[in-house]
Number of protein chains: 2
Amino acid sequence: METVIPFDATTPKTRLGDVLDPDERNTVSRVLLQDVLDAVTNAGLDPTVIATEPIEVDAALRIDHRPLTPLISDEIDAHTPLVVIMADLGLLQSQQVSKLVDTAGDVVLAPGLGGGTNALVVRNEDFEVDFHGTSFRDHCTIANSRGLSVATVDSFRLGVDVDEPQDLLEVLLHSSGRTAAWLTEAGFEIEATNGRPSIRR
Amino acid sequence: METVIPFDATTPKTRLGDVLDPDERNTVSRVLLQDVLDAVTNAGLDPTVIATEPIEVDAALRIDHRPLTPLISDEIDAHTPLVVIMADLGLLQSQQVSKLVDTAGDVVLAPGLGGGTNALVVRNEDFEVDFHGTSFRDHCTIANSRGLSVATVDSFRLGVDVDEPQDLLEVLLHSSGRTAAWLTEAGFEIEATNGRPSIRR
């Protein structure tokens, strides 16, 4: 099944600016991408990374400078079924990728924390994406308005995308992948002040 | 299966203090509890609420003033298998409760955001709980140290507990239960400033 992983190679992970400098944000975004690629290929898919700039990556690569919404809209026009998986799902394992693609529905959505859509399967070209704002809700609305069936995948590991420092805590707690190893190597560890865990460096 | 839902009736949901006054926090905590009870009873379980003070609730009720760790430790000593489900899982549906109790393992854990344990099944009385700090990791460690098998349940709906204002956004986005209705009635709505959704009142 055609599988794409969009990747912002230009100014990735700006909301991690309080804990990582620009070079480190570049690095961690690429390590996260590699963790996602591991999960996707281990699920038997053959993904294409669509990056805003050339990057070194062990997968098929295409360069496209456009924002997510027109980019994925054109992908849907070009081929359905289409699988789209975000590049910053630091807890992702192959099982959740398999669950996603094995779920029936014209449109299959994996909600992300904060209203986003962290992964989707589109099996009908009448669907259209809108990644701005509350995209999960908007994607449900768009599908319903076009008479398309919608299914959701209930997964903690699909739901956590790495945007904020607190999300790095989830990676340290629940992943043994490359990003967790990189964070540990960079000196991050878990601290529990007054019983509430956070990360420190 | 013996099922308990611990409930802090005394000073609930203090971290919602920026958006709700003490009376409202009391109310929303009880509405959340009722949503959890709906999910649990719809899954065919017959739960007992263990509250720190007398409350009005449509379920078996016991009063116990102790903190979570000694309380649940004594429950495990008294009867296994034991199901424990937190009272603030605002997205919970019966399907996730069924998935939890249908998962095999001496200890079955549902991780919560921020390192917590939002639900568990204990089938061996050698297990012990420790709800302070990174309880999910600590529960894995305790089980492993005693030779007990551990399984985890990967669920977004089990993973989101309502502690912070941002968690109320998840309730408004993904639930049609009593808490979502109460929040709407109280004037809360979703706002997307610069594409990042949050709640406003």
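Residues numbered from 1 in each chain as written. Chains lettered and ligands numbered in written order. Predicted model: local features only at pLDDT ≥ 70, side-chain atom pairs only at ≥ 80, totals over all residues. Heavy atoms only, no water.

**A short note on the sheet that holds strand β2 (residues 48-51) of chain B**
Residues and elements named next belong to chain B.
Working step 1: With mixed pairing, the seven strands of this open sheet are ordered in space as β3-β2-β1-β4-β6-β5-β7. For this open sheet the edge positions go to β3 (60-63) and β7 (150-152), each flanked by a neighbour on one side alone. Between one strand and the next, the sheet's axes are offset by a mean angle of 20°, whatever the strand orientation.
Working step 2: With three bridges joining them, strand β1 (residues 2-7) and strand β4 (residues 82-85) adopt parallel strand pairing. Within the sheet, the bridge partner assigned to Val4 lies in β4 and is Val84.
Working step 3: On top of the sheet, helix α4 (residues 135-145) reaches β5 (107-111), β6 (117-122) and β7; it is set at about 165° to β5, its chief contact. (Pairing = 2+ DSSP bridges. Helix = DSSP H or I, 4+ residues; strand = E, 2+ residues; numbered from the N terminus. Axes fitted to C-alpha atoms, helices over the stretch in contact; angles between N-to-C directions. Contact = heavy atoms within 4.5 Å.)

**Points about the relation of the copies chain A and chain B**
What connects the two chain copies is a rotation about an axis and a shift along it.
Working step 1: Mapping chain A onto chain B calls for a rotation angle of 180° and an axial translation of 0.0 Å; the resulting RMSD is 0.0 Å. Taken together, the turn and the small shift mark the pair as related by a two-fold rotation axis.
Working step 2: Comparing interface residues between copies, 100% of those in chain A also lie at the interface in chain B; the contact surface is shared. (Least-squares fit on C-alpha atoms with pLDDT ≥ 70 in both.)

**So, the environment of A:Val101**
Residue and element names in this part refer to chain A.
Working step 1: Tracing the sequence through the fold places Val101 in helix α3 (residues 94-102).
Working step 2: Classification of Val101 as buried rests on a relative accessible area of 15%.
Working step 3: Counting along the chain gives 21 residues from Val101 to Val122, while the straight-line C-alpha distance between them is 9.8 Å.
Working step 4: When residues no more than four places from it in sequence are discounted, the contact partners of Val101 are Met1, Leu45, Val83, Val121 and Arg123. (Buried < 20%, exposed > 50% of the residue type's maximum accessible area, 1.4 Å probe, protein only.)

**Some points on the pattern of salt bridges**
Working step 1: Tallied over the entire structure, the rule returns 24 salt bridges over all chains.
Working step 2: Between B:Glu75 and B:Arg62 there is a salt bridge, and its shortest N-O distance comes to 2.7 Å. Taken together, the residues span a long stretch of sequence, with B:Glu75 in helix α2 (residues 68-78) and B:Arg62 in strand β3 at a distance of 13 residues.
Working step 3: Residue B:Glu75 is classed as buried on the basis of its relative accessible area, which comes to 5%.
Working step 4: Here the salt bridges share partners, and the residues they tie into one network are A:Lys13, A:Asp88 and A:Asp163. (Salt bridge = Lys/Arg side-chain N within 4 Å of Asp/Glu carboxyl O.)

**Brief notes about the interface of chain A and chain B**
Working step 1: Counting from both sides, the interface comprises 31 residues of chain A and, opposite them, 31 residues of chain B.
Working step 2: For the pair chain A and chain B, the summed buried area comes to about 2400 Å², and 61% of that belongs to carbon and sulfur atoms.
Working step 3: Across the chain A-chain B interface, the total number found is two salt bridges.
Working step 4: Between B:Glu164 and A:Arg196 there is a salt bridge; the shortest N-O distance is 2.9 Å.
Working step 5: Every element with two or more residues in the side of chain A that touches chain B is listed here: α3, α4 (135-145), α5 (156-159), α6 (165-174), β8 (189-193) and β9 (196-200) of chain A. (Buried area = accessible area lost by both parts, 1.4 Å probe.)

**So, the packing of α6(A) against helix α7 (residues 178-185) of chain A**
All names here are of chain A.
Working step 1: Where α6 contacts α7, the two axes come as close as 9 Å, and the packing angle between them is 110°. The angle between α6 and α7 places the two elements in the roughly perpendicular class. Between α6 and α7, the residues in contact are Leu168, Val171 and Leu172 and Thr179, Ala180, Leu183 and Thr184, respectively.
Working step 2: Across the contact of α6 with α7, the residue classes break down as five nonpolar, two polar and no charged. (Parallel < 35°, antiparallel > 145°, perpendicular 65-115°, else oblique. Nonpolar A, V, L, I, M, F, W, Y, C, P; charged D, E, K, R; others polar.)

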